[in-house]
Amino acid sequence: MIRIDTKYLGSFLERMPTGLDEEVSKAQASLEQKNCKGSEYTGWVELVDSIDENLMAQMTEVSNEIREKAEALLVIGIGGSYLGAKAAMNFIGGDFPVYFLGQNISSHTWSQVREALKDKTFYVNFISKSGGTLEPALAFRFVRTLLEEKYNEEWHRYVVATTDREKGKLKGLADRLGITSFVVPDDVGGRYSVLTPVGLLPLLCAGVDVRSLMQGAKAEREDILSGQSDALQYATIRNALYRGGKAVEMMVTYNPALNDLCEWWKQLFGESEGKSSQGIFPASASFTTDLHSLGQFIQDGTDFLMETVLWVEKENEDFEIPRFDEDTDGLDYLAGKSLNWINEMASEGTMKAHLAGGTPNLKIIVPARDARSLGALFYFFEYACGVSALVQGVNPFDQPGVEDYKRSVKELLVKGI
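1. Details of the environment of Y333
Piece 1. Mapped onto the elements of the fold, Y333 is located in the loop between β9 (305-314) and α13 (339-356).
Piece 2. The class for Y333 is exposed, based on a relative accessible area of 58%.
Piece 3. For the pair Y333 and I364, spaced 31 residues apart in sequence, the C-alpha separation works out to 30 Å.

Below you can see the structure in the form of structure tokens.
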């Protein structure tokens, strides 16, 4: 379902390291056989093979209650606890207001969310394995004051927890107060969890067709296993370019509806590969906007970039360029043309120019901006990421550097400066 176009890789494609295909095949086999590094967190691999109907029914019931009894949903979480759902809502849209909090420690963010919720009835979905991660835990403290003001001693009835099955601060609170809870599977890490209740419950509340999302992911997995998917080719090409000196991959979009998807992608690949003093640094840009800031560097700057263009084949909207009596801007030659066609020509011309400047371009083609295509894309990237990190010899499923910064921050907060 997800395809890649390699025509703007140029001669870089001809300089593929020998033996890399075999390394990718071995990495895939270790992932499927669950004997790879971090194998205890590979539950996401076969998660999409079937839908847990009991779980789906429970999430649907809760999401219906939220949509019927409230005017908004507040999702509290950080990293994989919110990025996937936010990306999906931006990509597809929704018919129910969903706000996000707990991804930073900004007073400005809290002020904005508090103002947005001031006159609304709302539910909270607190997503955290432990319930003690600094940013979301602080956010919940503030939100609890709003809940208590609005619902008094019944405040906990408007909270849904998505957390660990057995342990953690949030699990303990949920058990003590009888808060409705869903489980983050033990064998699925946060950045691979968008197709679990972590992402699915908020998306159900937003009105997204999560069955189509899961069906798209399942179809992509079937294509991978039958050799019909380009996911392994993506993993191969990016590692080939990395070994050729391209240490930064810039994910480029030409529609702002895909920008949050890039944020999800950056966490997925950044936390999975960036270890042991290696890994491809994930960056992103929104074109054509960023061509007027980053374009010069990409064209003529330091030679360490590869560029991956994320392109939707069938957009949801399009407009025709208007014609006027006077050609005051010199663009009358475009009158009557499709705006999407002009955007596509801009992408083609930019890829051609950047390749000529020494930056190879890979294009990932998504069929449409719908739930099925997005489910396929989520799984495409997750699978390619797992394989790619294993090719680099690192554990795709831990994040020791993140734990280091958390410890350092806590020491300062406890001791003071």
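Back to the write-up after that little detour.
2. Describing the packing of aromatic side chains
Piece 1. Scanning the entire structure with this criterion turns up 24 aromatic pairs.
Piece 2. Ring geometry for Y234 against F380: centres 5.8 Å apart, planes inclined by 25 degrees, an arrangement best described as stacked. You can see Y234 sitting in helix α10 (residues 231-243) and its partner F380 sitting in helix α14 (residues 371-391), a full 146 residues away along the chain.
Piece 3. Cluster of aromatic residues (ring-pair linked, three or more members): Y234, W264, W265, F269, F378, F380 and F381.

3. Describing the pattern of salt bridges
Piece 1. A complete count under the given rule lists 27 salt bridges for this structure.
Piece 2. When the shortest N-O distance is used, the salt bridge between D398 and K275 registers 2.9 Å. Residue D398 is found in the loop between α14 and α15 (400-415), and its partner K275 is found in the loop between α11 (259-273) and β8 (281-286); the two are separated by 123 residues along the sequence.
Piece 3. On the accessibility criterion, D398 (28% relative accessible area) is partly exposed.
Piece 4. Via salt bridges that share partners, K129, D164, K167 and D186 belong to a single interconnected network.

What counts and what doesn't
- Residues numbered from 1 in each chain as written.
- Predicted model: local features only at pLDDT ≥ 70, side-chain atom pairs only at ≥ 80, totals over all residues.
- Heavy atoms only, no water.
- Helix = DSSP H or I, 4+ residues; strand = E, 2+ residues; numbered from the N terminus.
- Buried < 20%, exposed > 50% of the residue type's maximum accessible area, 1.4 Å probe, protein only.
- Phe/Tyr/Trp six-rings, centres within 6.5 Å; stacked < 30°, edge-to-face > 60°.
- Salt bridge = Lys/Arg side-chain N within 4 Å of Asp/Glu carboxyl O.

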